Amino acid sequence: VEVYKTVGDTALSLYIFEPAGPAQKNRPAIIFFFGGGWNSGTPAQFEPQCRALAARGMVAITADYRVASRHQIKPTDCVADAKSAARWVRANATRLGIDPQRIAAGGGSAGGHLAAAIATVPGFESPGEDTKISPLPNALVLFNPALVLAPLPGLELANVGDRVPAERMGTDPKNISPAHHVKKGTPPTIIFHGKADTTVPYATAAAFTTVMKAAGNRCELVGTEGARHGFFNYG
């Protein structure tokens, strides 16, 4: 367990799962962000995935970050924490035996949003960050992620924008909507999404995939028939 950031009296930790055997250099890594609507949740959500990936040779990390129910913050603060966490991992890559050019970001629901936001959304940095160190992940692994937080031109997505008002988000939702900030060079992405998800509709993942491919990026969407929101949770 390592503290990556302290905000006031709140220490935010990373829970690091390393492969068994002798320490090695230049291993691939992934950092996961839990779901919970930016309001609740726990890093334990992705512990099973971390253990599974560590057993396959990755340094797998599950991150804590501030949430509204415990810290009275907005999703903009969650984005800032996620960027801090990703930056800390890259800054400490050598010590952790991680290849700084093979760090993936992952997450589910709101956590999937945070992983994607690190890769796409400019700004929303915490004060005092060493911005010479990039938080940009080299790949994205997303589960039922919230990727479209505002209407997308040319794509009819019912209720998008009505469900995430600016008052809740801490900014115009478009400012932290990953789909609105995709550009050529956005990291290669794989999305696992339940086709029966009514919390984050499958259509939003399909829209994000369309935007990614239009920009010349790799994006694979794996839809699961009949699966609802959170279907990926262990057990």
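Going by the structure above, here's the rest.
In this text the structure is predicted, and so the values were computed from the model without any measurement.

A. Representation of helix α3 (residues 75-91). Helix length check: α3, at 17 residues, gives a terminal C-alpha distance of 24 Å against a target of 24 Å (1.5 Å per residue), a fit within 8%. Across the 17 residues that make up α3, a large majority, 15, are buried.

B. Seen up close, the side chain of R87. Structurally, the position occupied by R87 is in helix α3. Residue classification places R87 among the buried positions, given a relative accessible area of 5%. One polar contact links R87 to E125, side chain to side chain, over a distance of 2.9 Å. Within the structure, the side chain of R87 is placed 2.6 Å from the backbone oxygen of I133, a separation counted as a polar contact. Not counting chain neighbours up to four residues away, the residues in contact with R87 comprise E125, E129, D130, T131, I133 and P135.

C. Structural detail: the layout of surface pockets. Computed from the structure, the second largest pocket encloses a volume of approximately 190 Å³. Together, 16 residues line the second largest pocket, and I118, A119, T120, V121 and L136 are the ones closest to its centre. The leading source of residues in the lining of the second largest pocket is helix α5 (residues 110-120), at three residues.

D. Structural view of the nonpolar core. Core analysis: the largest hydrophobic core is formed by 52 residues, its most contacted members being L14, I31, F33, W38 and I98. Grouped together as the second largest cluster of nonpolar side chains are twelve residues, A54, M58, A104 and F232 included.

E. Structural view of helix α7 (residues 202-214). Taking 1.5 Å as the rise per residue, α7 with 13 residues should run 18 Å; its terminal C-alpha atoms sit 19 Å apart, in good agreement. For α7, every residue scored as buried is listed here: T204, A205, A207, F208, T209 and M212. Of the surrounding elements, those touching the buried residues of α7 are β7 (189-194) and β8 (219-224). Where α7 terminates, the next one or two residues include G216, which has phi positive at roughly 85 degrees.

F. Just the pattern of salt bridges, in detail. Counted under the stated rule, the structure contains ten salt bridges. We note a salt bridge from E18 to R27, for which the minimum N-O separation is 2.9 Å. With a relative accessible area of 47%, E18 lands in the partly exposed category. Measuring nitrogen to oxygen at the nearest pair gives 3.2 Å for the salt bridge that ties R102 to D99. If you follow the salt bridges from partner to partner, you end up with K5, R66 and D81 in one network.

G. Structural context of the state of the cysteines. If you walk through the whole model with that rule in mind, you get zero disulfides. Of the cysteine sulfurs around C50, a residue in no disulfide, the closest is that of C78, at 19 Å.

H. Spatial organisation of the side chain of S177. With respect to the helices and strands, the residue S177 is situated in the loop between α6 (166-169) and β7. Not counting residues up to four positions away in its chain, the partners in contact with S177 are V121, L147, V148, L149 and A150.

Scoring rules and cut-offs
- Every chain is numbered on its own, with residues counted from 1 as its sequence reads.
- Predicted model: local features are reported for residues with pLDDT of at least 70 only, side-chain atom pairs are reported and counted for 80 or more only, and whole-chain, interface and lining totals are derived from all residues.
- Excluded from the side-chain calculations are hydrogens and water; all other atoms, namely the structure's heavy atoms, are used.
- Counting from the N terminus, the helices are the DSSP runs of H or I reaching at least four residues and the strands are the DSSP runs of E reaching at least two.
- Here, expected helix span is obtained from the residue count minus one, scaled by 1.5 Å.
- For the exposure calls, accessible area comes from a 1.4 Å probe over protein chains only, and a residue counts as buried if that area is under 20% of its type's maximum, exposed if over 50%, partly exposed in between.
- Within 3.5 Å is the distance limit for a polar contact, defined as a pair of N or O atoms, with the added protein rule that one can donate a hydrogen and the other accept it, and that residues adjacent in sequence qualify only through two side-chain atoms.
- Any pair of residues with heavy atoms lying within 4.5 Å of one another is described as a contacting pair.
- A cavity here means a set of 1 Å grid points, computed over protein atoms only, where a 1.4 Å probe fits but cannot escape. A pocket is an open set with protein on both sides within 12 Å along at least 5 of 7 lines, and lining residues have an atom within 4 Å of a point.
- Grid points are joined across faces, edges and corners, and a volume is the space filled by probe spheres set on the points.
- Each nonpolar core is a collection of buried residues, namely Ala, Val, Leu, Ile, Met, Phe, Trp, Tyr and Cys, held together in the definition by side-chain atoms within 4.5 Å.
- Here, a salt bridge means any side-chain nitrogen of Lys or Arg that lies within 4 Å of a carboxyl oxygen of Asp or Glu.
- Pairs of cysteine sulfur atoms within 2.5 Å are what we label disulfides.

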